[in-house]
Amino acid sequence: MFIDTHCHLSKEDYEDIEQVLQDDRKEGVSPIIISGCTRNSIVESLEYSNKYSDVYVTIGYHPSESTITSDKDLNLLEKQLHSDKVVGVGEIGLDYHYGKESRCEQLSLFEKQLKLAEKYELPVVIHSRDATYDTIQCLKKYRVTGVIHCFSGSLETAREYIKMGFVLGIGGVVTFKNSNLKNVVEQISINDIVLETDSPYLTPTPYRGKQNSSKYIPLIALEIANLKKITVSEVAEITTSTAKKVFNLD
């Protein structure tokens, strides 16, 4: 059994949600954890978690929402965190690749959500792009752990996050031909990894360029197995166990 610890599932991207979930289960991927990171996607993700027993959610405002997220939104988010199937706060964080001009707003939103995660003792799912230093400095202020989503940094950065108690979310990028992530995965412990797709984005090879979904998790697991020189079954067992611990899944 595999767990997709980070995906996006919406009617905007998929015509038949029921079929998507059936396809995931056929490939041994269940449960999945949907990330709701905008006002609308939070509501939609919660609806799916209430409808399907093997769907869980993390909710929180993505850094791209920093200039339009109000205190009213955050007050509602705090209430939504009490939903039974919410297992974490995220994806939250910093993104200076496209939005460095909103750095102050991003930092403010990030820290407000870290406070919520600390208050309710929930794991966080961290988005960090071209903002490693600020991300680490913010995380050090709070008693939180969780997942560094879609990790693509250096081995040094990976070890720093792991030292802080985080695990790394590894997705389709590890299957790309010239990805530096291969080197990182080879040199860290399999115990510090969880699997994710970030679907519908970042589809693994050989389907790169097409729409992603959780059913492709086994392809990511196969690449990791080859890099670590272990079996796919071992990857499944260890990463599933880690995901269950991080997100406190039954």
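In what follows, the accompanying structure is described. (Residues numbered from 1 in each chain as written. Predicted model: local features only at pLDDT ≥ 70, side-chain atom pairs only at ≥ 80, totals over all residues. Heavy atoms only, no water.)

Any empty space left between atoms is shown by rolling a water-sized probe over those atoms. Scanning the model with the defined rule gives 1 cavity of 30 Å³ or more in all. One number sums up the size of the largest cavity: a volume of about 30 Å³. In terms of lining residues, the largest cavity is bounded by Leu-21, Asp-24, Arg-25, Val-29, Ser-30, Pro-31, Ile-32, Asp-54 and Val-55. When residues of the lining of the largest cavity are traced back to their parent elements, those giving at least two are helix 1 (17–26) and strand 2 (29–36). Ranked by residues supplied to the lining of the largest cavity, first place goes to strand 2 with 4 residues. (1 Å grid on protein atoms, 1.4 Å probe; cavity = no way out; pocket = protein on both sides within 12 Å on 5 of 7 lines; lining within 4 Å. Points joined across faces, edges and corners; volume = space filled by probe spheres on them. Helix = DSSP H or I, 4+ residues; strand = E, 2+ residues; numbered from the N terminus.)

Turning to the pairing of strand 3 (residues 55–59), a few remarks are in order. Counted residue by residue, strand 3 has 5 buried out of 5 residues, so it is predominantly covered. Side chains Val-55, Val-57 and Ile-59 of strand 3 all project onto a buried face; the interleaved residues Tyr-56 and Thr-58 project onto the opposite face, where all are buried too. Here strand 2 pairs with strand 3 via 5 bridges, running parallel. Along strand 3, the bridge assignment pairs Ile-32 with Val-55. Where strand 3 and strand 4 (residues 86–95) come together, 3 bridges link them in parallel fashion. By the bridge assignment for strand 4, Thr-58 is matched with Gly-88. (Buried < 20%, exposed > 50% of the residue type's maximum accessible area, 1.4 Å probe, protein only. Pairing = 2+ DSSP bridges.)

Following the sequence through the fold, Ser-30 ends up in strand 2. In terms of polar contacts, Ser-30 uses its side chain to reach the side chain of Asp-54, at 2.8 Å. Not counting residues up to four positions away in its chain, the partners in contact with Ser-30 are Met-1, Phe-2, Arg-25 and Asp-54. (Polar contact = N/O pair within 3.5 Å; in protein donor to acceptor, adjacent residues only side chain to side chain. Contact = heavy atoms within 4.5 Å.)

Scanning the entire structure with this criterion turns up 3 aromatic pairs. With a centroid separation of 6.5 Å and 70 degrees between ring planes, the pair formed by Tyr-161 and Phe-166 is classed as edge-to-face. For the pair Tyr-161 and Phe-166, a shared accessibility class is recorded, and that class is buried. Judged by centre distance (4.8 Å) and plane angle (20 degrees), the rings of Tyr-207 and Tyr-216 are stacked. Judged by its relative accessible area of 33%, Tyr-207 falls in the partly exposed class. Given a relative accessible area of 13%, Tyr-216 falls into the buried group. Members of the aromatic cluster, joined through ring pairs, are Phe-151, Tyr-161 and Phe-166. Here Lys-85 stacks its cationic end above the ring of Tyr-56, 4.9 Å away from the centre of that ring. The ring of Phe-176 carries the charged tip of Arg-208 above its face, separated from the ring centre by 3.6 Å. (Phe/Tyr/Trp six-rings, centres within 6.5 Å; stacked < 30°, edge-to-face > 60°. Lys NZ or Arg CZ within 6 Å of the ring centre and 35° of its normal.)

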